[in-house]
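Coordinate inspection notes
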Amino acid sequence: MPTPPPCKSLGRQCRYLDVTLRIGKLEDGPESLDHEATWLLGHTDQIDFGRLHVRKGELLVDARLHVPCKHFKEGEGRARCRAHGFTGRPPARPRRPDQPRQLGGNRFRLVDQRRLVTRAAVDVKAGLPVLGTNPCLGAPCRTADHTRGAACCRDLQVEIMCTREETRLEALVRARQSPYLCKTDRDEEDSIESEMISACGYLGEDGVACTLHGRRREDGRPAKPDLCSTWPEGGDLFHPGCVFAAGQRGSRAAGR
């Protein structure tokens, strides 16, 4: 069993974690970074996004991950850490900021030139005949918490900046409640990757359709991130119930 994080008392780390997430390298170019950042910063359901900034040639964003520690239990105004035995009043619930990504009409919050800004995104399909339907409408796909529909838009992979020397931070990440933040692994010396459930703020009222689909930015670029613009292919992993699975087993990789 993994070693519990070295906490000294009940505190805010019981409810959430403040981290820095990697988006990409500046050498990838501004268009690629805008797409990657718009995709990541769209997943606002359980993530509060802060400042976008550049460090050592990489685009990063400060973020608060609203996933409690698996050792934290509370009820009737009292809390307890099952790992260390701490008891007392539960830490205060954080006040979450408004993070709308859809502003009504053609206006959205998008990342443009490494800044989160309000931009118009014109629907180029308006007035044109519909050539097909969204194959994901009505699909029984589901995320690991058994939420049904648009599973690819409800979970994602996040890359958390965390060196090998930051042992407390890594322990806190690994102690989050599964499946809301889980499958933490290290492939880089300065970061770890985890899967997280946090739905996208660009989902439409039906909870399945993407409100950016078919829209273009004012400069002509697609508003919808590249990562969201391709259907899965053979060899991909699938969420349970995915219409593209064609009898294949396993869950499709988070973050599509």
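Description of the structure in this document. These figures come from a predicted structure and were not determined experimentally.

What follows deals with the overall build of the chain. Tallying secondary structure elements over the chain gives two helices and twelve strands in all. For the chain, the α and β elements follow one another from N to C terminus as β-α-β-β-β-β-β-β-β-β-α-β-β-β. Here the C-alpha atoms of the chain give a radius of gyration of 19 Å, agreeing with the 18 Å that 2.2 N^0.38 yields for 256 residues. Per-residue burial for the chain yields a buried fraction of 44% across its 256 residues. Relative to all contacts within the chain whose residues are 6 or more apart in sequence, the contacts with residues 24 or more apart total 64%. For the chain, the exposed surface amounts to about 14,100 Å²; the carbon and sulfur share of it is 49%. Between the mean site of the 42 positive side-chain charges and the mean site of the 35 negative ones, the chain shows a separation of 7 Å.

Backbone-to-backbone hydrogen bonds join strands into a sheet, with any given pair of strands oriented parallel or antiparallel. Spatial ordering of the open sheet is given by 4-5-6, a layout of three strands whose pairing is antiparallel. With one partner strand each, in any of the chains shown, strand 4 (72-75) and strand 6 (87-88) form the two edges of the open sheet. Relative to strand 6, strand 5 (residues 78-81) is paired through two bridges, and the arrangement is antiparallel. When the sheet's bridge partners are listed, Arg80 is paired in strand 6 with Thr87.

So, on to a negative patch on the surface. A cluster of acidic side chains, namely Glu27, Asp28, Glu31, Glu36 and Asp226, defines a negative patch on the protein surface. By secondary structure assignment, the location of Asp28 is in the loop between strand 1 (17-25) and helix 1 (30-41). The class of Asp28 is partly exposed, set by a relative accessible area of 42%.

Next up on the list: the side chain of Arg221. When you line up the elements, Arg221 lands in the segment after strand 12 (215-217). Leave out the neighbours within four places in its chain, and Arg221 touches Glu31, Asp34, Asp112 and Arg216.

What follows concerns the sheet that holds strand 7 (residues 107-112). Reading across the sheet, the three strands line up as 7-8-12 and stay open at both edges, with antiparallel pairing between neighbours. Only two strands of the sheet have a single neighbouring strand rather than two, namely strand 7 and strand 12. Within the sheet, the average angular offset between the axes of one strand and its neighbour, ignoring direction, is 50°. As paired elements, strand 8 (residues 115-123) and strand 12 share three bridges and run antiparallel to each other. Each bridged residue has a counterpart across the sheet, and for Val122 the counterpart in strand 12 is Arg216.

Now for helix 2 (residues 167-174). Along helix 2, the residues classified as buried are Leu169, Glu170, Ala171, Leu172 and Val173. Contact partners of the buried residues in helix 2: strand 1, strand 9 (155-161), strand 10 (181-185) and strand 11 (191-197).

A word on the pairing of strand 11. Among the seven residues of strand 11, six are classified as buried, and the element is accordingly described as predominantly covered. Bridge analysis of strand 9 against strand 11 gives seven bridges, and the strand direction is antiparallel. Of the residues in strand 11, the one forming a bridge with Glu159 is Glu193. When strand 10 meets strand 11, the two strands line up antiparallel, connected through three bridges. Note on strand 11: the bridge partner recorded for Asp185 is Glu193.

What counts, and at which threshold
Residues numbered from 1 in each chain as written. Predicted model: local features only at pLDDT ≥ 70, side-chain atom pairs only at ≥ 80, totals over all residues. Heavy atoms only, no water. Helix = DSSP H or I, 4+ residues; strand = E, 2+ residues; numbered from the N terminus. Rg over C-alpha atoms; globule rule 2.2 N^0.38 Å. Buried < 20%, exposed > 50% of the residue type's maximum accessible area, 1.4 Å probe, protein only. Contact = heavy atoms within 4.5 Å. Areas by Shrake-Rupley, 256 points an atom, 1.4 Å probe, with all protein chains shown as cover. Lys, Arg positive; Asp, Glu negative; His and termini not counted. Charge placed at Lys NZ, Arg CZ, Asp CG, Glu CD. Pairing = 2+ DSSP bridges. Patch = residues over 30% accessible without salt bridge, like charges linked within 9 Å, V, L, I, M, F, W, Y side chains within 5 Å. Salt bridge = Lys/Arg side-chain N within 4 Å of Asp/Glu carboxyl O. Axes fitted to C-alpha atoms, helices over the stretch in contact; angles between N-to-C directions.

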